[in-house]
Amino acid sequence: MEFNDLEEDCAPQMVANVPKYGPPDGKVDKLKSEDRFDSDYGSSISNESGLITDIREQILTYSQRVEPTVDESEELVDKLKAVSVHDDIDEGICDSEKLDDNDEDQSSAKVTDDDFIIYGRDADGDTLLHLAIISGHVMLAKVFIEVAPWTDCLNIYNDKLRQTPLHLAVLMKQVEIVRLLLDNGANPEMCDHKGDTALHIACRSGNLTMVNEILKQRESRPTQNLDVRNYEGQTCLHVAVLGGYKKIVDTLLGAGADVNVGDGKSGATALHLAAKGNKRDIISLLLQQHDITIDKKMYNGVTPLMIALEPHLSGISEMLITHNANTDFLTLICSSSSEESEDDD
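Small disclaimer: the values here were computed from a predicted structure and weren't measured.

**Q** Hey, could you go over the overall build of the protein for me, with residue numbers and the actual values?
**A** The helix and strand inventory of the protein stands at 19 helices and two strands. Looking at the 345 residues of the protein, the share that counts as buried comes to 49%. Taking all contacts inside the protein whose residues are at least 6 apart in sequence as the whole, residues at least 24 apart take part in 74%. Accessible area for the protein stands at about 17100 Å²; split by element, carbon and sulfur atoms hold 47% of it.

Following this line, the structure appears as structure tokens:
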């Protein structure tokens, strides 16, 4: 994982319609309830004793460490469990039924001050859940996920890199947290400051286990759109091909990724990219797809076979021609070369 993925932001200023939590002054974005997996810890946590504020401070204290000790994590979890919990029926925070549009005012009123403390954003836009994931407090992150009053609490962007907790969990290789976020309805198609979804990040890092977890079918959300492009115009399939990750390419194709979709900048398909990168094992895999368009052209009219004619890519052209790639342009090239030779004479 690159340091810049967590600490620096080189993206242009963006305006997103995402929930931002703040003091309950009447200007809070109103959120609808979503189907959730309820927690054993209750629905709303009280900060009457100041313990939640103490938890935030301790997370920040440990945030510079690569991995907190087990004792420290358990201590924070115990503190969170120790705070008083309001009754689900009285507060209605984790109602499993979706609210109608005309119930928005009522749902807004049910958000307590304590919810703002837990899921409110700090100066960098990070919630306690963001901080717990970054700091490696896996047990504490689980609690924050399970007691979240709304699914939208799991999809809050931070300010600097526009990352949701799911983006951070993938970057930190926390498969268990990724699973819990998705099981509780986190949206896997939200994009960070590079336009990357969590799946883009998993594919770029070559993490097949993470890719499989994200692609797993869940009742809490519809099937993920695998043709979403990041700001480089690349789908997850393009990213996996560029990285040379054959198993991930195979997994994406099996999940329904479009083998013929071109990137947004040049129109290059996965086959174009594999040919240019001399990735023969991936080329062989792509050519096995029954619906592949082997002569698909980029925006400049170039086909994969044209790319394969580069001297350093010997052998790839034979693979493509064996699978019936169009060779008509080769006749034109030969004719043109013959005419130039005659003119020189």
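**Q** Go over the side chain of Q174 with me, naming the residues and quoting the values.
**A** Relative to the assigned elements, Q174 resides in the loop between α9 (165–171) and α10 (175–183). Of the polar contacts made by the side chain of Q174, one reaches the backbone oxygen of I133; its length is 3.0 Å. In this structure, Q174 is in contact with I133, G136, V138, A169 and M210, ignoring residues within four places of it in sequence.

**Q** An account of the packing of helix α11 (residues 198–205) against helix α12 (residues 208–215) is needed here, citing residue identities and associated values.
**A** Orientation of α11 relative to α12, taken along the N-to-C sense of each, is 155°, at an axis distance of 8 Å. What the angle tells us is that α11 and α12 run roughly antiparallel. Judged by the twist between their axes, the crossing of α11 over α12 is left-handed. Residues A198, L199, A202 and C203 of α11 pack against M210, V211, I214 and L215 of α12. Residues belonging to the contact of α11 with α12 are distributed by class as follows: eight nonpolar, no polar and no charged.

**Q** Can you break down the packing of aromatic side chains residue by residue, with the values?
**A** By the definition in use, this model includes zero aromatic pairs. In this structure, R162 is placed above the aromatic ring of Y157, and the distance from its NZ or CZ to the ring centre is 4.3 Å.

**Q** Tell me about the confidence of the model for the protein, and name the residues and values.
**A** With 61% of its residues at a pLDDT of 70 or more, the protein has an overall mean of 74. Predicted confidence for residues 7–49 stays below pLDDT 50, and this span has 113 contacts to residues more than four positions away or in other chains. Low pLDDT, under 50, characterises residues 81–109; the predicted model gives this stretch 55 contacts beyond four residues in sequence or across chains.

**Q** Account for α11, with residues named and values stated.
**A** Counting buried positions over the eight residues of α11 gives six, a clear majority of the element. Among the residues making up α11, those that are buried are A198, L199, H200, I201, A202 and C203. Looking at the buried side of α11, the elements it contacts are α9, α12, α13 (236–243) and α14 (246–254). Backbone geometry just downstream of α11 places G206 in the positive-phi region, at approximately 75°.

**Q** Account for α10, with residues named and values stated.
**A** Within the sequence span of α10, burial applies to I177, V178, L180, L181 and L182. Packing partners of the buried residues in α10 comprise α7 (128–135), α8 (138–146), α9 and α12. Two residues or fewer after α10 comes G185, characterised by a positive phi angle close to 100°.

**Q** Describe unusual backbone geometry, naming the residues involved and giving the relevant values.
**A** Positive phi, normally seen in glycine, also occurs at N278, with a value near 55°. In this structure, N278 sits in the loop between α15 (270–276) and α16 (280–287). With a relative accessible area of 32%, N278 lands in the partly exposed category. In this structure, N324 takes a positive phi of about 70° despite not being glycine.

**Q** Could you give an account of the pattern of salt bridges, naming the residues involved and the relevant values?
**A** A complete count under the given rule lists seven salt bridges for this structure. With a shortest N-O distance of 2.4 Å, K142 and E176 are connected by a salt bridge. Highlighted residues: K142 in helix α8 and E176 in helix α10, separated in sequence by 34 residues. With a closest N to O distance of 3.3 Å, R179 and E213 form a salt bridge. Pair noted here: R179 is in helix α10 and E213 is in helix α12, with a separation of 34 residues, a long-range link. Residue classification places R179 among the partly exposed residues on the basis of a relative accessible area of 33%. What emerges from the salt-bridge pattern is a single network uniting R179, D183, E213, K216 and R218.

**Q** Tell me about the environment of L305, and name the residues and values.
**A** Summarising the element assignment, L305 is placed in helix α17 (residues 304–308). The spatial distance from the C-alpha of L305 to the C-alpha of L320 is 6.5 Å, given a sequence separation of 15 residues.

**Q** Account for the packing of α10 against α12, naming residues and giving values.
**A** α12 packs onto α10 with a crossing angle of 10° between their chain directions and a minimal axis gap of 10 Å. Judged on the interaxial angle alone, α12 and α10 are roughly parallel. Here α10 contributes V175, V178, R179 and L182 to the contact with α12, which in turn contributes T209, M210, E213 and I214. Here the residues of the contact of α10 with α12 sort into five nonpolar, one polar and two charged.

Thresholds applied
- Residues numbered from 1 in each chain as written.
- Predicted model: local features only at pLDDT ≥ 70, side-chain atom pairs only at ≥ 80, totals over all residues.
- Heavy atoms only, no water.
- Helix = DSSP H or I, 4+ residues; strand = E, 2+ residues; numbered from the N terminus.
- Buried < 20%, exposed > 50% of the residue type's maximum accessible area, 1.4 Å probe, protein only.
- Contact = heavy atoms within 4.5 Å.
- Areas by Shrake-Rupley, 256 points an atom, 1.4 Å probe, with all protein chains shown as cover.
- Polar contact = N/O pair within 3.5 Å; in protein donor to acceptor, adjacent residues only side chain to side chain.
- Axes fitted to C-alpha atoms, helices over the stretch in contact; angles between N-to-C directions.
- Parallel < 35°, antiparallel > 145°, perpendicular 65-115°, else oblique.
- Left-handed = near helix turned anticlockwise from the far one by under 90°.
- Nonpolar A, V, L, I, M, F, W, Y, C, P; charged D, E, K, R; others polar.
- Phe/Tyr/Trp six-rings, centres within 6.5 Å; stacked < 30°, edge-to-face > 60°.
- Lys NZ or Arg CZ within 6 Å of the ring centre and 35° of its normal.
- pLDDT = per-residue confidence, 0-100.
- Salt bridge = Lys/Arg side-chain N within 4 Å of Asp/Glu carboxyl O.

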